[in-house]
Protein chains: 2
Amino acid sequence: MPDFMQLAFVEAEDAAKRGEVPVGAVLVSPKGDVLARTGNRTEEFGDPTAHAEMLVIREAGKVLSSPRLIDCDLYVTLEPCAMCAAAISFARLRRVYFAAYDPKGGAVDHGPRFFSQPTCHHAPEVIGGMDEQKASDLLKRFFAEKRE
Amino acid sequence: MPDFMQLAFVEAEDAAKRGEVPVGAVLVSPKGDVLARTGNRTEEFGDPTAHAEMLVIREAGKVLSSPRLIDCDLYVTLEPCAMCAAAISFARLRRVYFAAYDPKGGAVDHGPRFFSQPTCHHAPEVIGGMDEQKASDLLKRFFAEKRE
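Residues numbered from 1 in each chain as written. Chains lettered and ligands numbered in written order. Predicted model: local features only at pLDDT ≥ 70, side-chain atom pairs only at ≥ 80, totals over all residues. Heavy atoms only, no water.

Draft legend 1. The arrangement of the overall build of chain A in detail. Summing up its helical and strand segments, chain A has five helices and five strands in all. N-terminal to C-terminal, the α/β element order of chain A is α-β-β-α-α-β-α-β-β-α. Taken over the C-alpha trace, chain A has a radius of gyration of 14 Å; the compact-globule value for 148 residues is 15 Å, and the two agree within 12%. Viewed in the frame of its principal axes, chain A has a C-alpha envelope of about 45 × 30 × 30 Å. Within chain A, counting contacts between residues at least 6 apart in sequence, those at least 24 apart form 58% of the total. (Helix = DSSP H or I, 4+ residues; strand = E, 2+ residues; numbered from the N terminus. Rg over C-alpha atoms; globule rule 2.2 N^0.38 Å. Contact = heavy atoms within 4.5 Å.)

Draft legend 2. Region of interest: the nonpolar core. Core analysis: the largest hydrophobic core is formed by 92 residues, its most contacted members being L27(A) and L27(B). Setting aside residues up to four positions removed in sequence, L27(A) forms contacts with D33(A), V34(A), L35(A), A36(A), V56(A), I57(A), A60(A), L69(A), C72(A), D73(A), L74(A) and L93(A). (Core = buried A, V, L, I, M, F, W, Y, C linked by side-chain atoms within 4.5 Å. Buried < 20%, exposed > 50% of the residue type's maximum accessible area, 1.4 Å probe, protein only.)

Draft legend 3. Structural detail: the sheet that holds strand β4 (residues 95–100) of chain B. All names here are of chain B. Across the sheet, which stays open at both edges, the five strands sit in the order β2-β1-β3-β4-β5 with mixed pairing between neighbours. Each edge of the open sheet is held by one strand with a lone partner, namely β2 (34–39) and β5 (125–127). Taking each pair of neighbouring strands and ignoring which way they run, the sheet shows an average axis angle of 15 degrees. With five bridges joining them, strand β1 (residues 24–28) and β2 adopt antiparallel strand pairing. Looking at β2, one finds that V26 is bridged to R37. Against the sheet, helix α1 (residues 4–17) touches β1, β2, β3 (73–78) and β4, its axis set at about 145 degrees to β1. (Pairing = 2+ DSSP bridges. Axes fitted to C-alpha atoms, helices over the stretch in contact; angles between N-to-C directions.)

Draft legend 4. Looking closely at the relation of the copies chain A and chain B. Mapping chain A onto chain B calls for a rotation angle of 180 degrees and an axial translation of 0.0 Å; the resulting RMSD is 0.0 Å. Accordingly, the operation relating the two chain copies is best matched by a two-fold axis. The rotation axis passes nearest to the C-alpha of M83(A) in chain A, at a distance of 1.8 Å. The share of interface residues of chain A whose copies in chain B are also at the interface is 100%, consistent with both copies meeting through the same surface. (Least-squares fit on C-alpha atoms with pLDDT ≥ 70 in both.)

Draft legend 5. How the structure looks around the confidence of the model for chain A. A residue-level look at chain A finds 99% of positions with pLDDT of 70 or above and a mean pLDDT of 95. Predicted complex, confidence summary: ipTM 0.92, pTM 0.94. (pLDDT = per-residue confidence, 0-100.)

Draft legend 6. Layout of unusual backbone geometry. Residue and element names in this part refer to chain A. Positive phi values are uncommon outside glycine, yet D71 reaches one of about 65 degrees. With respect to the helices, strands and loops of the structure, D71 is situated in the loop between α3 (52–64) and β3 (73–78). A relative accessible area of 37% means that D71 is categorised as partly exposed. At R113, a residue that is not glycine, the phi angle is positive and equals roughly 40 degrees. Among the structural elements, R113 can be located in the loop between β4 (95–100) and β5 (125–127). Judged by its relative accessible area of 42%, R113 is partly exposed.

Draft legend 7. Fine view of the environment of M130(B). All names here are of chain B. Positionally, M130 belongs in the loop between β5 and α5 (132–147). Judged by relative accessible area, which is 26%, M130 ranks as partly exposed. Along the chain, M130 and P112 lie 18 residues apart, while their C-alpha atoms are 21 Å from each other. Beyond its immediate sequence surroundings of up to four residues, M130 is in contact with M5, Y97, F98 and A99.

Draft legend 8. Region of interest: the interface of chain A and chain B. Listed as interface residues are 32 residues of chain A and, on the opposing side, 32 residues of chain B. Across the interface of chain A and chain B, roughly 2,400 Å² is buried in total on both sides, 68% from carbon and sulfur atoms. Our count for the chain A to chain B interface comes out at four salt bridges. Across the salt bridge formed by D47(A) and R58(B), the nearest N and O atoms sit 3.6 Å from each other. Counting the contacts that link chain A with chain B gives four residue pairs in polar contact (both at pLDDT 80 or more). Only α2 (42–45), α3 and α4 (82–90) of chain A provide two or more residues apiece to the side of chain A that touches chain B. (Buried area = accessible area lost by both parts, 1.4 Å probe. Salt bridge = Lys/Arg side-chain N within 4 Å of Asp/Glu carboxyl O. Polar contact = N/O pair within 3.5 Å; in protein donor to acceptor, adjacent residues only side chain to side chain.)

If you want it as structure tokens, here you go:
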């Protein structure tokens, strides 16, 4: 099986090259096919909702012609925010694998902890902290370069 | 000044006619121009993120060529969910006017109460409960018809 988190890192690095916050995501079908992969594009699209997770969920919905991505899995290099966590729930994803924890904006293990809310009607299985150091280094390098 | 909430209701009713959950939204510029207006399109687009609020935020971002919709206001017929609340925050909207409260899925006055979280970095002014009965009746009628 390919290493989907590594594909997500490639997308995150490409996002950094475009001047976007370096987060990448890959959406995988129950059979293990990559349905969509991309990085953040909020600046490119002038779209505050264009986080990597949102873009792959939207793209996979098109591929499957359904807003419900039953038993699909998401790999993303950063803990999802509240927007993406809710979209993950609406999409009925099976599992979410993420790399770096995000105490400032994450909504899975921080802040609203969306999947634990009584108003969350579908919670995926979550595996957090994979390759955390790599994801964290990528983000730190990006913001350090931004400040130079 | 036009009644923007009434425009949002027109969009909600059009959404119901398309078989979508009847929620409508209007995004208004600081000068009072309608930048975008639409209803839910999750089924039509096969896109779980295609809530009315998300679509008007994305469209207005295109109109203004920026992911930050500074001092713009949103009118929506239902209390925003966590996904839309986070997008509203990212878009830096000034005010959110909503009609019906949504105890089951709302994230402004219910569940994660996103704008009150320490991980929420911009909270708009919120005016909830405008024309609540009308919005609530529209939703109830839609779901009653769905069950027939």
